[in-house]
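Structural description and commentary
Chain residues, written in single-letter form:
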Amino acid sequence: MSQDWICIIAEALKSVQATRFFRSERGFQGQFHVGLDLLLKDKGLVSNQAIIEEEYQKTIPKHGITHRPDLIVHIPFEAGLTRSRREGNFVAFEFKFRASQLDAIDRFIKLNDYLTELDYLLGFFGNINDARSFVELVPDYRIHIFNIFKDQDTVRVLHSYLEDEKPIVEEF
């Protein structure tokens, strides 16, 4: 299942082509959202009740955390299809434009909270227009890093993750 997510996410990341979107986190995130939504519908990886939401506010009373993930794919609890807010959570995303090490650590902590507190299956960090992954700092093997940048007219996507505590890097 995680490999399916990784392939779909890489394809959606590569669908962002306009150079303008590689200049800001918000612009890139918006275009990625569009591409991911089309691919999820086409590939049928999640049920039709699952949606992608941006900047969904989490609160201590309802969620146990206050972070606001950049994007999530989930079945909203309010739809009445899950027994708790910990069910129906698929993936959470955090993006940063040219992340520093401290930025990456901050995003990894948030992603780890989504995994542990809300039972998201996977967490993804997108470092836009930067090839540094900081994978050695990842606290949980379910967190994956994507570095997305343009090399002339070609969008390059690097995927980094931990396997048996060893960093793995692959290019899509």
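For the structure, see preceding data.
Our subject in this report is the structure included herewith. (Residues numbered from 1 in each chain as written. Predicted model: local features only at pLDDT ≥ 70, side-chain atom pairs only at ≥ 80, totals over all residues. Heavy atoms only, no water.)

1. Overview of the nonpolar core
Counting 32 residues, the largest nonpolar core has Trp5, Phe32, Leu36 and Phe93 as its most contacted members. Mapped onto this core, the elements with two or more residues apiece are α1 (2-14), α2 (25-43), β2 (71-74), β3 (89-97), β4 (122-128), β5 (143-151) and β6 (154-163). If one sorts the elements of this core by residue count, α1 sits on top with seven residues. Aside from chain neighbours lying at most four places away, what touches Phe32 is Ile9, Ala12, Leu13, Val16, Leu71, Phe93 and Phe95. Judged by nonpolar contacts, the second largest core, of 17 residues, contains Tyr114, Phe134, Ile143 and Leu162. (Core = buried A, V, L, I, M, F, W, Y, C linked by side-chain atoms within 4.5 Å. Buried < 20%, exposed > 50% of the residue type's maximum accessible area, 1.4 Å probe, protein only. Helix = DSSP H or I, 4+ residues; strand = E, 2+ residues; numbered from the N terminus. Contact = heavy atoms within 4.5 Å.)

2. Details of the packing of aromatic side chains
What the rule picks out here adds up to 10 aromatic pairs. When the centroid spacing of 5.3 Å and the interplanar angle of 70 degrees are considered together, the rings of Phe22 and Phe28 count as edge-to-face. Comparing Phe22 with Phe28 shows no difference in burial state: the two are buried. For the pair Tyr114 and Tyr120, a centre-to-centre distance of 6.4 Å together with 65 degrees between the ring planes defines the contact as edge-to-face. Residue Tyr114 shares its accessibility class with Tyr120, and that shared class is buried. Ring pairs connect the aromatic residues Phe22, Phe28, Phe32, Phe93, Phe95, Phe124 and Phe146, which therefore count as one cluster. (Phe/Tyr/Trp six-rings, centres within 6.5 Å; stacked < 30°, edge-to-face > 60°.)

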